[in-house]
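Structural characterization, general
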Amino acid sequence: MTNLGYVRVAAAVPPVRVADCGFNSSIIIDMFAEAAKKGVEIIVFPELCVTGYTCGDLFEQSLLLESADHAIADILSKTADADTIGIIGAPLRHKGSIVNAAIVFCHGRIVGVVPKTYLPNYKEFYEKRWFISALQLRPDETIEVAGQTAPMRTDIIFDIARARFAVEICEDLWAPIPPSSRHTVNGAEIVFNLSADNECVGKHDYLLELIRQQSARCLAAYVFSSCGYGESTTDLVFGGNGIVCETGTQLAHSNRFSLDRQLTVCDIDIDKINNDRRINTTFAESRGVHADNYLFVQIDSPAPMRTDIMHPIDRTPFVPCGKALDDRCHEIFNIQTLGLARRVQHAKCQSLVVGISGGLDSTLALIIAVKTCDLLKLDRTSIIGVTMPGFGTTDRTYNNAIKLMQLLGVTIREINIAEACRQHFKDINHNPDVHDVTYENSQARERTQILMDIANQTGGIVVGTGDLSELALGWATYNGDHMSMYGVNASVPKTLVRHLVEWYAKGDTDTRDILLDILDTPISPELIPADDKGNIAQRTEDLVGPYELHDFFLYNFLRNGYSPRKIYALAKVAFADTYPSHIIYQWLSTFIRRFFNQQFKRSCLPDGPKVGLSLSPRGDWRMPSDAVAHLWLNDFDIQ
């Protein structure tokens, strides 16, 4: 397996002994070696980790500063054979002053030194007593450290070919405009922060939010390492934090208040970061406004070959867990309901016409229509639920459709389409025993015609039922169920439709039993006659593939901009216990072919509320219908 656009990082929290540089350097060397064995490409240690942060006036002692310099030389020497890049914190002598600095090194060579910009000098902090700020330095300084000369400046971006990173130190993050904001708009995809953040009640949650928000705002990864056990507890306690966030999401976190050394290792997804930046035009404009004359330092660090991925892979990216799922469902229902309510008022609708099949999508659309009428204080009888049994309709779905409409108190209309379809087959000279695409699509178009005409009869609009997953696959009949006057489910993927219906069922005892049976019914368009036992003979997932796979493909293709090669590799990990690799390959190939071939259906979609990702040609996705899929199909193989 190649790196797939990942860079492996580590946030180290070593135990320290205050003012014992020999002990501290030995721990740093050991943890560096441990990280190198794990394939870590860049490791960051806490602020002033070589001496300890809480040395106080000992920082002014020449002996401590000389010992720190020797310790740095020892670290450089004993890590020289590794390809891993290290970032350590130390007090450095410079032109009669002391700098609180981060030292970036690789293969025994210091490639750059980053001085701390903002020195806290309030409450428990008094760093200006010992250190000078980067603001007091010339922009093009060099410094002597451990017998080596290196550039010392804040505007350095380190380039390892597959990613660029920059460094800030502790308080820098807490400034109104952190240096990392400048670093990222000038090209850094990862920011490392060496910190000595102490613990106070409530402060940790604020810190986590600060890091998460900065990574989101900068469309970057943020790797934070803070002092832990061993620092002086005269007035403060340092709990130790190793935190990794990526574009607003926390990926990893160490254990606080541990007596042991900790190494928080995680892979950063550079592909995702760059895809987000390409899409976000505000980021590009910010780059133009805040472009600075940065020094770019090239580091020769070979990319390791790995067989594992140390990055969270969400098997159901559209469906969160626990309370987050409840919150997501509540929010989506509100978005769908408010969108439909606005359309109803604008169009002065006298009715809402919904085709009810007894399946998941039409069930969700009907629930949204009911909630909309309740919100607008309209009688639910203004909803006209139309069930249209055909050649493939089973007793189970028919009965569920009727029962659900009865329980929800909507107007029910039943129109059997069989005779009309037979007449149509006769008119176009089609053999009804040939169950081909004409046989199937004729039924879908007949149903849509009925819904449209009823809407005209009753001064209403047709509420569409098709979902995001079906739109991605083109699993809809053009000018059939593909069309409506407002598609409330157009931005909701199939895996989430199921959870939305289930969530609603939990809170509605009247409809719960019938909704649970609908949830248990196989997904089917029911366009082919039932089997000898009256069961559904046509199962959608047998024909186009499992929706849990397709939603995984869709999210990573559309939201993250991943290549099929990367999607395939991630899917093999995420679904290792469910699908063999050749099955994943088969359905990913199907997804790519259908996604490209069926764009013409998405180019003329009805309006619908965006709840997350969208394939609307007026919103998130503009693609020519004639685009070919060869490049994407040739990108991955079944190795």
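Provided above is the structure to which this section pertains.
This write-up is about the structure you can find in this document. (Residues numbered from 1 in each chain as written. Predicted model: local features only at pLDDT ≥ 70, side-chain atom pairs only at ≥ 80, totals over all residues. Heavy atoms only, no water.)

**Concerning the overall build of the protein chain**
Short version of the rule: Secondary structure is summarised from DSSP: a helix means a run of H or I of at least four residues, a strand means a run of E of at least two, and numbering begins at the N terminus for each. Relative accessibility decides the category of a residue: with a 1.4 Å probe and only protein chains considered, values under 20% of the type maximum give buried, values over 50% give exposed, and everything between is partly exposed. Note on areas: these come from Shrake-Rupley sampling with a 1.4 Å probe, and a residue is covered only by the protein chains present in the view. Positive charges come from Lys and Arg, negative ones from Asp and Glu, while His and the chain ends are left out of the count. A charged residue contributes its charge at one atom only: NZ of Lys, CZ of Arg, CG of Asp or CD of Glu.
When helices and strands are tallied, the protein chain shows 21 helices and 20 strands. Dimensions of the protein chain along its principal axes, counting C-alpha atoms only, are 100 × 50 × 45 Å. Each of the 639 residues in the protein chain was classed as buried or not, and the buried ones make up 56%. Total accessible area computed for the protein chain in this model is approximately 26900 Å², and 50% of it derives from carbon and sulfur atoms. Distance between charge centroids for the protein chain: 3 Å, based on 60 positive and 77 negative side chains.

**Details of helix 8 (residues 323–347)**
Here is the rule we go by: The span you would expect from a helix comes to 1.5 Å times its residue count less one. Only heavy atoms enter the contact rule, under which two residues are in contact if any of them lie within 4.5 Å.
Between the first and last C-alpha of helix 8 there are 36 Å, a value that for 25 residues agrees with the 36 Å anticipated at 1.5 Å per step. Tucked into the core, helix 8 has its buried residues touching strand 16 (351–355), helix 9 (360–375), strand 19 (460–464), strand 20 (486–487) and helix 14 (494–507). Looking one or two residues past helix 8, Lys348 carries a phi angle of roughly 50°, positive in sign.

**Let's talk about the sheet that holds strand 19**
We count it as follows: DSSP bridges decide pairing: two strands pair if at least two such bridges lie between them. Angular values range over 0 to 180 degrees, each being the angle between N-to-C directions of two axes fitted as lines to C-alpha atoms, with helices fitted over their stretch in contact.
Spatial strand order, 18-17-16-19-20: five strands in an open sheet with parallel pairing. The outermost strands of the open sheet, each flanked by one partner alone, are strand 18 (411–414) and strand 20. Bridge count for strand 16 against strand 17 (residues 383–387) is four bridges, and the pairing is parallel. When the bridges of strand 17 are listed, Val354 appears paired with Gly385. Its contacts with the sheet place helix 10 (residues 395–408) against strand 17 and strand 18, and it is angled at close to 165° to strand 17. Its contacts with the sheet put helix 12 (residues 437–458) on strand 16, strand 17, strand 18 and strand 19, and the angle it makes with strand 16 is roughly 165°.

**Looking at empty space enclosed by the protein**
In this approach a probe as big as a water molecule rolls over the atoms, and the regions it shows empty are the leftover space. Worth spelling out the cut-off: Lining residues are defined by having an atom within 4 Å of a point belonging to a cavity or pocket. Those points lie on a 1 Å grid over the protein atoms alone, cavities being sets where a 1.4 Å probe fits but cannot get out and pockets being open sets with protein on both sides within 12 Å along at least five of seven lines. Grid points are joined across faces, edges and corners, and a volume is the space filled by probe spheres set on the points. Asp, Glu, Lys and Arg are counted as charged, while Ala, Val, Leu, Ile, Met, Phe, Trp, Tyr, Cys and Pro are counted as nonpolar; the rest, among them Gly, fall into the polar class.
Applying the stated criterion to the full structure yields three cavities of 30 Å³ or more. Roughly 150 Å³ of internal volume is contained in the largest cavity. What lines the largest cavity is a set of 15 residues, and nearest its centre among them are Gly466, Leu471, Asp481, His482 and Leu605. For the lining of the largest cavity, the per-class residue count stands at six nonpolar, six polar and three charged.

These results come straight from atomic positions and should not be treated as a statement about function.
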